[in-house]
Amino acid sequence: MAELASTSRSRHLAGLRALESAKGASPRIRDPYAADLATHSLQPTTGAHLEAGDLSAADAQIEAISWVDQQLAYIVDTVDTLRNEEVNQVVLLGDGLDTRPFRLRLPSGLVFYIVASAEAHSIAVAALAKREAATPRGSLVRRVKVHADVDLERALPTAGYRADRPSVWVLEGGVLESGEQLAALALQAAELMSRGSRMLGTLPPWSSDRGVEDLLASIGLLTDSLPGTAGVFAATQLHLSALQQDTYERHSLAAEETDEDFFGNFS
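Residues numbered from 1 in each chain as written. Predicted model: local features only at pLDDT ≥ 70, side-chain atom pairs only at ≥ 80, totals over all residues. Heavy atoms only, no water.

Here we look at the sheet that holds strand β8 (residues 167–172)
Next, step 1: Strand order in this open sheet of seven strands is β6-β5-β4-β8-β9-β11-β10, and the pairing throughout is mixed. Taken across any chain shown, the strands that pair with only one partner, and hence form the sheet edges, are β6 (140–146) and β10 (221–223). Across the sheet, the mean angle from the axis of one strand to that of its neighbour is 20°, orientation sign disregarded.
Next, step 2: Here strand β9 (residues 198–202) pairs with strand β11 (residues 232–237) via five bridges, running antiparallel. Pairing of R198 across the sheet is with T236, part of β11. (Pairing = 2+ DSSP bridges. Helix = DSSP H or I, 4+ residues; strand = E, 2+ residues; numbered from the N terminus. Axes fitted to C-alpha atoms, helices over the stretch in contact; angles between N-to-C directions.)

Listed below in structure tokens is the structure:
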């Protein structure tokens, strides 16, 4: 099973979003809730509490988060071409202080599954209630509380997630502490992603683009070529989810027993 990091990394990312939001007329991220979620206040002109050598790394993280924001907005506004079906399941994995359901302009009818520790959810719920944050009309946020050892295959379906329907996953690499964490979470996610579903993410500071690309390819996720970008990844699930595979096998067996042809159109 995978493990999630402590909330300190999520609070740090919230602080970076707050800093960017305070930059003036055209910030790359507008997050009115981030300051309430951060570990401490940040001075918008100097980036206080950030060492000078960390400012460039922080800027790269903000650029990566902004890129994921844009890609997520595009995907949920696009029809899944494999089944001519809208993507309305969004899984936000690892960062319980993620504010995307509240700060982005997204279409209605989405269901967000935020997977994080109970501690992170408690912090987020209190801060967002204070600011009266709201999701797009007709959308839902379902907070999936997990313990230190994450079991996505149990937790997400219990919350209503369907592994036989299109989804988009956002993996926040900035909260991860090791390659083992990334591998375990990605593997569990792949089991729950229907064919054609998408995964977006920011890379952990310690990882390489090539290393993540190889990891995702090993579990059936084909990464996109992203010239001119750094610190991010995007991938498409080429395989059936575990649920789809089980359905396929049951239909195939039933077809064999009745001596009928089955062409795999079971979605």
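Some details on unusual backbone geometry
Next, step 1: Phi angles above zero are rare outside glycine, and E132 is one such case at about 55°.
Next, step 2: Assignment of secondary structure puts E132 in the loop between α5 (118–130) and β6.

A look at the pattern of salt bridges
Next, step 1: One pass over the full model with this rule turns up 15 salt bridges.
Next, step 2: Note that D98 and R100 form a salt bridge whose closest N and O atoms lie 2.8 Å from each other. Neither D98 nor R100 differs from the other in exposure class; each is buried.
Next, step 3: A salt bridge links D164 to R162, with the shortest nitrogen-to-oxygen separation between them at 2.9 Å.
Next, step 4: Overlapping salt bridges bring together R17, D31, D69, D98, R100 and R103 as one network. (Salt bridge = Lys/Arg side-chain N within 4 Å of Asp/Glu carboxyl O. Buried < 20%, exposed > 50% of the residue type's maximum accessible area, 1.4 Å probe, protein only.)

Quick word on the pairing of β8
Next, step 1: Counting buried positions along β8 yields six of six residues, so the element is predominantly enclosed.
Next, step 2: Side-chain alternation along β8 places S167, W169 and L171 on one buried face and V168, V170 and E172 on a second face that is also buried.
Next, step 3: As paired strands, strand β4 (residues 89–93) and β8 are joined by five bridges and run parallel to one another. Opposite V90, over in β8, you have V168 as the bridge partner.
Next, step 4: Looking at chain direction, β8 and β9 are connected through five bridges and run parallel. Looking at β9, one finds that E172 is bridged to T202.
Next, step 5: Read as a crossover between parallel neighbours, the route from β8 over helix α7 (residues 179–192) to β9 is right-handed. (Right-handed = clockwise from strand over helix to strand, strands pointing away.)

Remarks on helix α1 (residues 7–21)
Next, step 1: Over its 15 residues, α1 runs 21 Å from end to end, which matches the ideal 21 Å to within 8%, given 1.5 Å per residue.
Next, step 2: Taken together, the buried positions of α1 are occupied by T7, S10, L13, A14, G15, L16, R17, A18, L19 and E20.
Next, step 3: In the core, the buried residues of α1 are packed alongside α2 (34–37), α3 (55–76), α4 (100–103), β5 (111–117), α5 and β8. (Expected span 1.5 Å × (residues − 1). Contact = heavy atoms within 4.5 Å.)

As for the packing of aromatic side chains
Next, step 1: Under the counting rule described, the total for this entry stands at three aromatic pairs.
Next, step 2: Ring centres of Y33 and F102 lie 6.5 Å apart, and the angle between their planes is 75°; on these two criteria the pair is classed as edge-to-face. Remark: F102 occurs in helix α4 and Y33 occurs in the loop between α1 and α2; sequence separation between them is 69 residues. In this structure, Y33 and F102 share a single accessibility class: buried.
Next, step 3: For the ring pair Y113 and Y161, a centre distance of 5.8 Å and an interplane angle of 85° mean the geometry is edge-to-face. Here the residue Y113 occupies a position in strand β5, and Y161 occupies one in the loop between α6 (152–158) and β8, the gap between them amounting to 48 residues. Y161 matches Y113 in its accessibility class, with the two residues each being buried. (Phe/Tyr/Trp six-rings, centres within 6.5 Å; stacked < 30°, edge-to-face > 60°.)

Topic: the pairing of β11
Along any regular strand the residues' side chains alternate between the sheet's two faces.
Next, step 1: Burial analysis of β11 places six of its six residues in the buried class, the great majority of the element.
Next, step 2: Across three bridges, the pairing between β10 and β11 is antiparallel. Among the inter-strand pairings, L221 is bridged to a residue of β11, identified as Q237.

What to know about α3
Next, step 1: Its 22 residues place the ends of α3 32 Å apart at the C-alpha level, agreeing with the 32 Å of an ideal helix rising 1.5 Å per residue.
Next, step 2: Restricting attention to buried positions, one finds in α3 the residues A58, I62, A64, I65, S66, W67, V68, D69, L72, I75 and V76.

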